[in-house]
Amino acid sequence: MSETILALDGVSKTFSGKPAVRDVSFTVERGQITGFLGPNGAGKTTSLRMALGILTPDRGHVALFGGPPRPGALDRVGFLPEERGIYRKMKVIEVIVFFARLKGVRPAEARKRGLAMLEEFGLAEVAESKVKTLSKGMAQKVQIISTLVHEPEFIILDEPFSGLDPVNQYALEQVVRKQAEAGRTVLFSTHVMEHAERLCDKIVLIAKGRKAFDGTVAEALGEVPRRVTLEIVSDHDLADVLAGKGAVHRERQGEHDVWIVDLTPGVDAQDILKACVDANVKLTRFEPVRAHLHDAFVHLVGKDAAAPEAETA
Amino acid sequence: MRNIYLIARREFLSYVATWGFWLSLLSVPFFMALGFGMPILIENSQPTRYYVLVDETGGRLEQAVYEQIDRSREDEAERVREAASEMLGNNPQVEAALDNSLQLEDDSYVRVDAGTTDLDELRPYLTGAAELETDEGPQPLFAAIYLSEPVPGRIEMAYWSTNLTDSRLRGDIRTALRDYMQLRYLVDNGVDPALIEAADDIAPVVRELNPERSADAAEVTQGERLPIFVGVGTAFGLWIVIFSVVNMLLTAMIEEKGNKVLEMMLASARHHEILVGKLLGVAAVSATLLLFWGALASIGGLAVQQVMAAADIPAADIMAALFDPALIFPAIGYFIVGYLMYGAVFLAIGSLCETIQDAQTLMSPMMLIMMMPLFLVMMAIDAPDSPIVAVASWVPLWTPFIMLVRLPQDIGMVDIVGTTLAMVATAVVVIWGAGVLFRMGALNQANQDTVKSWFQFGGKKKAAG
């Protein structure tokens, strides 16, 4: 039976009369990677701050490890905020030890773990260097180490991929996977759907402060109408041929006329192919289109809510 | 408590590890020593001036000049003695030390015999073309002074020198001649010289009495004045420490905000823990500075006492006034409350700003508020019972400084209790308000424009993403 690590129950937060989060509820279960998705300004950071007790909800309840987000519970959480930085004048290992000690790790143990993680992240040689001498990528790795050094049960990452180059984005994905494999629970917010699609067991979509979807990635993709693209050389009118199987329309793509079929629920691509064969349609292209999370997001929240902030990596 | 301790410890170590801290630590005693020592250094570094004095009256004016100069020195010594007595009390050993030091020969100007009194022959020495043989080796002639009395009663001095700025010798001789002329005028008009000398010594006997005490014990001792001076000194010291320390807090906070460290901190510690931890860390820095400076001052005081063996400066009285429970405990209390008030406000300002330029506009009113007690304390030196000072001590942000000056004056309990309660209540409100601002600033829900807007059309908070 799964254990709920974090539960937001009908939480709302308003700033100067402007609602930032409206009646949002979701849970994060132990051992899962949960993606918290939405465009910029959707209310993700405010929700995460309420989850950690940094902000108090105007309405609703937050339960972290089954209780209010008290300091004791925070020691079991590793949080990497969106606006992140570290003390530039301190030595790398001192920064890591400092943040570990804030989470209750003893100094000697914090140093030992910090050095081991620096080794693991390929930064062993800069352990005694000042943070200000590091490159941006190295400093970001030190921030991640500072978040994980106390071996938290629950890791919350707010827009962890923003500002990272593709190589470091991939490296961070590996870190997230590794933490999940080690049995840790991960919740990360992002407006980049591809990361969520690759990593998440579960996603929570939020737009304009409201939750739009809560479920698995497959379930989210299942919400998007499946689509088939066809090109033919015969004179058939596919709207007649495929009547009742979906919404059919014709559009010009380059020098070709293509038929687009948005499948009716219960109809799959094989049914379309069979109908075309039965009607002697001469096909030159038959392409079932695979939906992406971005499509699901646009479908679920509408183009207005998703754009222009929603991005793809 | 763990987080407060760790944050305070980090703050403390981050300051102690900087060059700026060590510069602050050493620069204050260095510049104080420089301030005290510079005049002596300048005095001692001045080369000996050699001069020729030619008395064309056959020695009468020369004798009068030196007698008057000696008398002037004695008068000057007496004035210094009286001033010292006013400050330090009637202490025979202090007087002996002053007598000893004030009767020293002034060897800055040495009269020499150049072997000639003819101006044309002396001219090369005056212009530097030739040098005189002296005990220090060959030296230029600083001045040639010719005294004459061409007409009875009309004394003239011709002062030849290429140095246009050092006028002390000329001034001393001119003053001596004037005194001699005035004395001779009185004598020539029938006044007995003994009478003139006796008149010079006439001075009133002044007794300062305290009407709150009975006749026997009414006389005000010099030691009773010390607490007022110590109070003023402590108020200045408190102002300097608080002013320098809160500036440290401000710059560190802005740096932290700019580096976006606060968000990382909030993942581990609550706002109040960060606020209190920072205040305590910087308080520890200021305590370190105060302890170091205090120890250095004590060592310096002992050293001065050792060097001036004959001078029994009433160090015990000064220390007793400084560590009088009636002053030291309020001073500690005022420091803590004053530091917390100003420190919390400056931290809040820092949390609202990304750069020191952002902070400038918010700092200006605070600087004015902080400067006012400095002027009022200066005013209180001459008029500690001024109604303006009394009223200003009720302004809670100024209370810590001004009450330190008022406390040694036997003010009423209503003033002491009332100002203290108002100050503590204000401190609680200010710290609470600063905490709210700090929280908003740390989460980027407010910035310097938000505060400005409160004073215009009412504030609007910015929502987080």
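As a convention, each chain's residues are numbered from 1 in the sequence order in which they are written. The order in which chains are written sets their letters, starting at A; the order in which ligands are written sets their numbers, starting at 1. Owing to the predicted nature of the model, reporting of local features is limited to residues with pLDDT of at least 70; listing and counting of side-chain atom pairs is limited to 80 or more, with chain, interface and lining totals taken over all residues.

*Asks:* Would you mind going over the overall build of chain B with me for this structure?
*Replies:* Broken down by element type, chain B carries 17 helices and six strands. Exposure classification rests on a simple neighbour count of other C-beta atoms within 10 Å of a residue's own: a residue reaching 20 or more is buried, one at 12 or fewer is exposed, and one in between is partly exposed. C-beta atoms are placed from the backbone. The burial tally for chain B puts 28% of its 465 residues in the buried class. We call two residues in contact when their backbone-placed C-beta atoms lie within 7 Å. Put simply, of all contacts in chain B between residues at least 6 apart along the chain, 72% involve residues at least 24 apart. A helix here means a DSSP run of H or I that spans at least four residues, while a strand means a run of E at least two residues long, and both kinds are numbered starting from the N terminus.

*Asks:* Teacher, can you tell me more about the overall build of chain A here?
*Replies:* Along the backbone of chain A there are 11 helices and 13 strands. When each of the 313 residues of chain A is scored for burial, the buried share is 42%. In chain A, once contacts between residues fewer than 6 apart in sequence are set aside, the share between residues at least 24 apart is 71%.

*Asks:* Where do I start with the sheet that holds strand E3 (residues 33–37) of chain A in this structure?
*Replies:* Within a sheet, adjacent strands bond to each other through the backbone by hydrogen bonds, running parallel or antiparallel. Residue and element names in this part refer to chain A. Reading across the sheet, the six strands line up as E5-E6-E7-E3-E8-E9 and stay open at both edges, with mixed pairing between neighbours. Edge strands, defined here as strands with exactly one partner in the open sheet, are strand E5 (77–80) and strand E9 (210–215). On average, each strand axis in the sheet is inclined to that of its neighbour by 15°, with strand direction left out of account. Two strands form a pair only when DSSP identifies at least two bridges running between them. Note: E3 against strand E7 (residues 185–190), five bridges, orientation parallel. Along E7, the bridge assignment pairs Thr34 with Leu187. Running at roughly 150° to strand E6 (residues 154–158), helix H1 (residues 44–51) makes contact with E3, E6, E7 and strand E8 (202–207) of the sheet. Interaxial angle, 0 to 180 degrees, is taken between N-to-C directions of lines fitted to C-alpha atoms, where a helix line uses only the stretch in contact. Sitting on the sheet, helix H6 (residues 166–181) is in contact with E3, E6 and E7, with an inclination near 150° to E7.

*Asks:* I would appreciate a short explanation of the pairing of strand E10 (residues 227–232) of chain A in the present structure.
*Replies:* Along a regular strand, successive side chains alternate from one face of the sheet to the other. Note: E10(A) against strand E12 (residues 256–263) of chain A, four bridges, orientation antiparallel. Looking across to E12(A), one finds that A:Val228 is bridged to A:Val261.

*Asks:* Is there a simple way to think about the nonpolar core in this case?
*Replies:* Taken as a class, soluble globular proteins show a tendency for nonpolar side chains to be buried jointly. In this structure, A:Val95, A:Ile96, B:Ala344 and B:Ile402 are the most contacted members of the largest nonpolar core, which totals 146 residues. Of all hydrophobic cores here, the second largest spans 19 residues; its members include B:Tyr50, B:Tyr51, B:Leu147 and B:Ala176. Buried Ala, Val, Leu, Ile, Met, Phe, Trp, Tyr and Cys residues whose C-beta atoms connect them within 7 Å together make up a nonpolar core.

*Asks:* Sorry if this is basic, but what is going on with the interface of chain A and chain B here?
*Replies:* Accessible area lost during the coming together of the parts is what is often quoted as the interface size. Counting residues at the interface gives 28 residues for chain A and 22 residues for chain B. Breaking the side of chain A that touches chain B down by element, the ones donating at least two residues are strand E2 (18–29), H1, helix H2 (71–74) and helix H3 (92–102) of chain A. Residue type decides the class: Asp, Glu, Lys and Arg count as charged, Ala, Val, Leu, Ile, Met, Phe, Trp, Tyr, Cys and Pro as nonpolar, and the leftover types, Gly among them, as polar. Considering only residue class, the side of chain A that touches chain B consists of 13 nonpolar, six polar and nine charged.

*Asks:* What exactly am I supposed to notice about the sheet that holds strand E13 (residues 283–289) of chain A here?
*Replies:* Residues and elements named next belong to chain A. Pairing is antiparallel in the open sheet, where four strands are placed in the order E11-E12-E10-E13. Either end of the sheet is taken by a strand with one partner, and the two such strands are strand E11 (246–253) and E13. Looking at each pair of strands side by side, their axes are set apart by 20° on average, direction ignored. In this sheet, E13 lies alongside E10 in antiparallel orientation, the contact comprising six bridges.

*Asks:* Help me understand the packing of helix H13 (residues 356–382) of chain B against helix H15 (residues 399–406) of chain B in this model?
*Replies:* To characterise two packed helices, one gives the angle between the axes of the helices and the distance between these axes. Residue and element names in this part refer to chain B. One way to put it is that H13 packs onto H15 with a least axis distance of 9 Å and a crossing angle of 5°. The angle between H13 and H15 places the two elements in the roughly parallel class. Residues Pro373, Leu376, Val377 and Ala380 of H13 form the contact with H15, whose participating residues are Phe401, Ile402 and Val405. Per-class residue counts for the contact of H13 with H15 are seven nonpolar, no polar and no charged. Working definition: roughly parallel below 35 degrees, roughly antiparallel above 145 degrees, roughly perpendicular at 65 to 115 degrees, and oblique for all remaining angles.

*Asks:* Before we go on, may I ask you to explain the environment of B:Arg178 in this structure?
*Replies:* Residue and element names in this part refer to chain B. Residue position: Arg178 is located in helix H6 (residues 168–188). Classification of Arg178 as exposed rests on a count of 12 C-beta atoms within 10 Å. In the structure, Arg178 is positioned 113 residues away from Val65 in sequence and 9.3 Å away in space, judged by C-alpha atoms.

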